[in-house]
Amino acid sequence: MKTAGHSEATVHRGLELTPFRGLRYDPDRVGSLAAVTSPPYDVVVRPDGLHHLESSDPHNIVRLILPQAATAGARNEQAAATLRHWLAEGILTTEPEPCLYVYEQHDGEGMLQRGLIGALRVSDPAERVVLPHEDVMPHVVEDRAALMRATSANLEPLLLTYRGDDSSAATADLIERTADRPPLLATTTEDGFRHRLWAVTDPAELATIQHDLARHQALIADGHHRWATYRRLRTEHPSPSPWDHGLVLLVDTARYPLRVRAIHRLLHDLPVGEAVAALDGRFRVCRLDVPLSEALAALADAACAGNAFLLAGDGAFHLVDRPDPDLLARTIPADRPTAWRTLDATVLHATLLDHVWHIPDDSPDRIAYIHDTAATVAKAERDGGTAVLMHPVREEVVRDLARQGVTMPRKSTSFGPKPATGLVLRALDL
């Protein structure tokens, strides 16, 4: 499709997925492939999960994505030195030729996801090729950018989704045929997911994939901070360069719908008693002395009628719902679509955090974002803080807002299953 005033050479039609020479662990040099993998960096629950992963294998990928040292500079230099050492020792080896990868995740209970891993052209927001749906925190982007600069590598793929149709049927069929072949690797991680990976190197198959994807746009399902990092680093390197592309997993959710889960909040310095007291007259609060599963069921029921949250940390659960309409009118910006203004995440950030509890949502000293529900509650109880448990947003709401160019509050959703970190890396100097 041509745009007035632009030549064909400068118009980008859509997703541009490029083969690359992946870095993969040599299975003969590590204890097991499962033992060297990790969830994405922001899913690892520190410090418990970090220590568990570090002790599972001396070459676990967490030593690259979450290096441990006294200063940020020392951490990044340590990750770079570790990566160089693993390459020199043959712990990580380079694929013999550029390829795209078909990646499969299966939990054995009906959840099957397949997609394509490749190097995606980093596009500008104005192109509307890659659609974000959440805001990002600048300090996290800077942290990831510093790590990528030091290692000169994309250490873990983002999760992007697109909606396949007749125009991408050939790619969908190609993915299914590829999954019938013997894989490059297969492993089962401790969460019960089986992971399999295949390389696609045939020029005709690569051309089919690239042709089909060029007609589509993608939604960022997981990895907003890393996508913002890709964009920042691209501006720092004259084009053309390897920094023009970033490592992604693309999943066709028309064939493989993702799960959408909530990301919970842990308020470090706010005891539950104080949090509840501040809500008096502003929200309805009901104490629930029930197990976590029953409390979550009550949250789901309340969320059907309007904004609802669960507070925890004192051994019980407190269902927070029925906000005062006048309070919402005073605290929520009126210049956004109704779908955005009525999000639980919007009410949490604009009303509860900003107005009621006075907690900045970008301060790691005051608030943490945790994916695991039970871990959030346990940390709140142990540390004397408040866990704020959220109900997930429907995918169609997320996609509709993204298409309107409206971003949700940061850490509003958790799409999954997420790709295991450590199965494929991308070095930018190869």
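Preceding this paragraph is the structure being described.
Read on for a plain summary of the structure. Small disclaimer: the values here were computed from a predicted structure and weren't measured.

Once that is clear, we can look at the overall build of the protein chain. Secondary structure assignment for the protein chain yields 15 helices and 21 strands. The C-alpha radius of gyration of the protein chain comes to 22 Å, within 12% of the 22 Å expected for a compact globule of 430 residues. Oriented by its inertia axes, the alpha-carbon framework of the protein chain measures out at about 65 × 55 × 45 Å. The burial tally for the protein chain puts 54% of its 430 residues in the buried class.

Judged by nonpolar contacts, the single largest core of 114 residues is most densely connected at Leu 15, Tyr 25, Leu 250, Phe 309 and Trp 357. Beyond its immediate stretch of four places on either side in the chain, Phe 309 contacts Phe 283, Leu 299, His 318, Leu 319, Val 320, Asp 344, Val 347, Leu 348, Leu 352, Val 388, Leu 389 and Met 390. One finds Leu 266, Leu 299, Ala 312 and Ala 368 within the second-largest nonpolar core, a separate group that totals 16 residues.

Before going further, it helps to examine the sheet that holds strand β18 (residues 367-370). One open sheet accounts for 6 strands, arranged β15-β17-β16-β19-β14-β18; its pairing is antiparallel. Because the sheet does not close on itself, it has two edges, and the strands there are β15 (284-288) and β18. Direction aside, the axes of adjacent strands within the sheet are offset by 25 degrees on average. The pairing of strand β14 (residues 264-267) with β18 spans 4 bridges and is antiparallel. Paired with His 264 across the strands is Ile 370, a residue of β18. Contacts between helix α13 (residues 344-357) and the sheet are confined to β14, β16 (308-312), β18 and β19 (386-389), with β16 contributing the most and set at about 55 degrees to the helix.

Let us look at helix α5 (residues 138-151). At 3.6 residues per turn, the α-helix brings residues three or four places apart onto the same side. Taking 1.5 Å of rise per residue, 14 residues should cover 20 Å, and α5 covers 20 Å from first to last C-alpha, within 8% of that figure. Within the sequence span of α5, burial applies to Val 140, Val 141, Arg 144, Ala 145, Leu 147, Met 148 and Thr 151. Buried residues of α5, viewed axially, fall in a sector of 165 degrees; they line one side. Turning to α5, the residues buried within the fold contact α3 (62-65), α4 (72-89), β7 (153-154) and α8 (224-236).

Turning next to the pattern of salt bridges. This structure, assessed with the given rule, holds 26 salt bridges. With a closest N to O distance of 2.8 Å, Asp 321 and Arg 284 form a salt bridge. Taken together, the positions of Asp 321 in strand β17 (residues 317-321) and Arg 284 in strand β15 put the pair 37 residues apart, joining distant regions of the chain. Here Glu 395 makes a salt bridge to Arg 399, at a shortest N to O gap of 3.0 Å. Of this pair, Glu 395 and Arg 399 both sit in helix α15 (residues 395-403), 4 residues apart, which is roughly one turn of the helix.

What follows concerns the pairing of β17. β17 sits mainly inside the fold: 5 of its 5 residues count as buried. Side chains Phe 317, Leu 319 and Asp 321 project from β17 onto one buried face, and the interleaved His 318 and Val 320 project onto a second face that is buried too. Two strands pair when backbone bridges link them, and β15 and β17 are joined in this way by 5 bridges, in the antiparallel orientation. Its bridge partner being in β17, Val 285 is matched across the sheet by Val 320. Note that β16 and β17 share 5 bridges and pair antiparallel. Each residue of the ladder has a partner; that of Ala 312, found in β17, is Phe 317. Between β16 and β17, which follow one another and run antiparallel, lie 4 residues, and Gly 313 among them has a positive phi close to 140 degrees.

Another point: the environment of Gly 416. Within the fold, Gly 416 resides in strand β20 (residues 414-416). Overall, the relative accessible area of 9% leaves Gly 416 in the buried class. Residues Gly 416 and Gln 113, 303 residues apart in the sequence, show an inter-C-alpha distance of 9.3 Å. In contact with Gly 416, not counting residues within four places along its chain, are Met 111, Gln 113, Leu 258 and Arg 259.

Moving on, we get to unusual backbone geometry. The residue after Ser 239, namely Pro 240, is reached through a cis peptide bond having omega 0 degrees. Take Pro 240: it is sitting in the loop between α8 and β12 (245-252). Note the cis peptide between Gly 416 and Pro 417, where omega equals 5 degrees. Within the element layout of this structure, Pro 417 appears in the loop between β20 and β21 (426-427). A positive phi angle is found at Ser 152, which is not glycine, with a value near 50 degrees. The topology assignment puts Ser 152 in the loop between α5 and β7.

The buried fraction of strand β4 (residues 100-106) amounts to 6 of the 7 residues, a majority that puts the element mostly inside the structure. Pairing between β4 and strand β10 (residues 194-200): 7 bridges, direction antiparallel. Bridge pairing in β10 places Leu 100 opposite Val 200. Two strands pair when backbone bridges link them, and β4 and strand β5 (residues 112-121) are joined in this way by 6 bridges, in the antiparallel orientation. Residue pairing in the sheet places Tyr 103 in a bridge with Gly 115 of β5. The turn joining β4 and β5, which pair antiparallel and follow one another in sequence, is formed by 5 residues; a positive phi near 80 degrees is taken by Gly 108.

This part covers the packing of helix α6 (residues 169-178) against helix α7 (residues 203-213). Between two packed helices, the angle of one axis relative to the other and the distance separating the axes together describe the packing. Close contact between α6 and α7 brings their axes to 8 Å; oriented N to C, the two are set at 135 degrees. Viewed along their axes, α6 and α7 adopt a mutual orientation that is oblique. Considering how the two elements wind past one another, α6 and α7 form a crossing that is left-handed. Of the residues in α7, those touching α6 at Ala 169, Ala 170, Thr 171, Leu 174 and Arg 177 are Glu 205, Thr 208, Ile 209 and Asp 212. Among the residues making up the contact of α6 with α7, the classes are represented as 4 nonpolar, 2 polar and 3 charged.

Analysis parameters
- Residues numbered from 1 in each chain as written.
- Predicted model: local features only at pLDDT ≥ 70, side-chain atom pairs only at ≥ 80, totals over all residues.
- Heavy atoms only, no water.
- Helix = DSSP H or I, 4+ residues; strand = E, 2+ residues; numbered from the N terminus.
- Rg over C-alpha atoms; globule rule 2.2 N^0.38 Å.
- Buried < 20%, exposed > 50% of the residue type's maximum accessible area, 1.4 Å probe, protein only.
- Core = buried A, V, L, I, M, F, W, Y, C linked by side-chain atoms within 4.5 Å.
- Contact = heavy atoms within 4.5 Å.
- Pairing = 2+ DSSP bridges.
- Axes fitted to C-alpha atoms, helices over the stretch in contact; angles between N-to-C directions.
- Expected span 1.5 Å × (residues − 1).
- Arc of directions from axis to C-beta.
- Salt bridge = Lys/Arg side-chain N within 4 Å of Asp/Glu carboxyl O.
- Parallel < 35°, antiparallel > 145°, perpendicular 65-115°, else oblique.
- Left-handed = near helix turned anticlockwise from the far one by under 90°.
- Nonpolar A, V, L, I, M, F, W, Y, C, P; charged D, E, K, R; others polar.

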